[in-house]
Amino acid sequence: MKKNQIKTDRAPQAIGPYSQAIEVNGMVYTSGVVPIDPETGVVVEGDIKVQATRVFDSMKALLEAAGASCESVVKTTVFIKDMNDFAALNEIYANYFTGVFPARSCVEVARLPKDVLIEMEAIAIKEK
């Protein structure tokens, strides 16, 4: 079994000893993506909608770099700072994931890296 590292400059770079994503046997496993602007390396400021949009744009780019897409995602895990943001998160989420939605877990956490409001990871099927 060979695992392939996936890297793109269209998503935030890893801020620790991990890969942005790994592909193995046609499956893509992403690390958690936080709302960092990949061009500046700075957390985007704003509410959950602003930060979620940045996360999903980065996730989309990372999936594309791996030969996958939002449509090929089978599972997401979303970590949010405040469960009161759940409805707003769903509003943005539905712009990226359509049709047969992936399975999902959403968990409120005490703290996220760089004190962001959201982090998301995904598992997808490679399309190409």
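A short tour of the structure in this document, coming up.

1. A look at the packing of aromatic side chains
Scanning the model with the defined rule gives four aromatic pairs in all. Their ring planes at 80° and their centres at 5.7 Å tell us that Phe-56 and Tyr-93 sit as a pair that is edge-to-face. With Phe-56 in helix α1 (residues 48-65) and Tyr-93 in helix α2 (residues 86-96), this residue pair connects regions lying 37 residues apart in the sequence. Since its relative accessible area comes to 1%, Phe-56 is described here as buried. The rings of Phe-56, Tyr-93, Tyr-96 and Phe-97 are connected pair by pair, giving a single aromatic cluster. Positioned over the ring face of Tyr-93 is Arg-104, at 4.5 Å from the centre of the ring.

2. Describing the pairing of strand β4 (residues 73-80)
Here β4 runs beside strand β6 (residues 118-125); their pairing, made up of seven bridges, is antiparallel. Directly across from Val-73, in β6, lies its bridge partner Ala-124. Bridge analysis of β4 against strand β5 (residues 103-108) gives six bridges, and the strand direction is parallel. Across the sheet, the residue bridging to Ile-80 is Glu-108, located in β5. The parallel pair β4 and β5, bridged by α2, forms a crossover whose chirality is right-handed.

3. Considerations on the nonpolar core
Core analysis: the largest hydrophobic core is formed by 28 residues, its most contacted members being Phe-56, Leu-63, Val-78, Leu-89, Phe-97, Ile-118 and Met-120. Of all the elements, α1 adds the most residues to this core, at seven residues. Other than its neighbours up to four places away in sequence, Met-120 contacts Ser-31, Gly-32, Val-33, Val-55, Phe-56, Met-59, Thr-76, Thr-77, Val-78, Tyr-93 and Phe-97.

4. Things to note about unusual backbone geometry
Located in the positive-phi region is Asn-25, a residue other than glycine, with phi close to 50°. By secondary structure assignment, the location of Asn-25 is in the loop between β2 (21-24) and β3 (27-30). In this model, Asp-115 sits at a positive phi of 55°, which is unusual for a non-glycine residue. By the element assignment, Asp-115 lies in the loop between β5 and β6.

5. Brief notes about empty space enclosed by the protein
One pass over the structure, following the stated rule, counts one cavity of 30 Å³ or more. Computed from the structure, the largest cavity encloses a volume of approximately 30 Å³. Forming the walls of the largest cavity are Cys-70, Glu-71, Val-73, Tyr-96, Phe-97, Thr-98, Val-100 and Pro-102. Here the lining of the largest cavity is built from residues that sort into six nonpolar, one polar and one charged.

6. Some points on the packing of α1 against α2
Contact pair α1 / α2: the axes reach a minimum separation of 9 Å and the direction vectors enclose 30°. What the angle tells us is that α1 and α2 run roughly parallel. When you trace α1 past α2, the crossing you get is right-handed. Side by side, α1 and α2 meet where Ile-48, Lys-49, Ala-52, Thr-53, Phe-56 and Asp-57 of the first sit next to Ala-88, Leu-89, Glu-91, Ile-92, Tyr-93 and Tyr-96 of the second.

7. Quick word on the state of the cysteines
Linking two cysteines covalently through their sulfur atoms gives a disulfide. This structure, assessed with the given rule, holds zero disulfides. Free cysteine: Cys-106, not disulfide-bonded; nearest cysteine sulfur from Cys-70 at 17 Å.

Conventions adopted
Residues numbered from 1 in each chain as written. Predicted model: local features only at pLDDT ≥ 70, side-chain atom pairs only at ≥ 80, totals over all residues. Heavy atoms only, no water. Phe/Tyr/Trp six-rings, centres within 6.5 Å; stacked < 30°, edge-to-face > 60°. Helix = DSSP H or I, 4+ residues; strand = E, 2+ residues; numbered from the N terminus. Buried < 20%, exposed > 50% of the residue type's maximum accessible area, 1.4 Å probe, protein only. Lys NZ or Arg CZ within 6 Å of the ring centre and 35° of its normal. Pairing = 2+ DSSP bridges. Right-handed = clockwise from strand over helix to strand, strands pointing away. Core = buried A, V, L, I, M, F, W, Y, C linked by side-chain atoms within 4.5 Å. Contact = heavy atoms within 4.5 Å. 1 Å grid on protein atoms, 1.4 Å probe; cavity = no way out; pocket = protein on both sides within 12 Å on 5 of 7 lines; lining within 4 Å. Points joined across faces, edges and corners; volume = space filled by probe spheres on them. Nonpolar A, V, L, I, M, F, W, Y, C, P; charged D, E, K, R; others polar. Axes fitted to C-alpha atoms, helices over the stretch in contact; angles between N-to-C directions. Parallel < 35°, antiparallel > 145°, perpendicular 65-115°, else oblique. Left-handed = near helix turned anticlockwise from the far one by under 90°. Disulfide = S-S within 2.5 Å.

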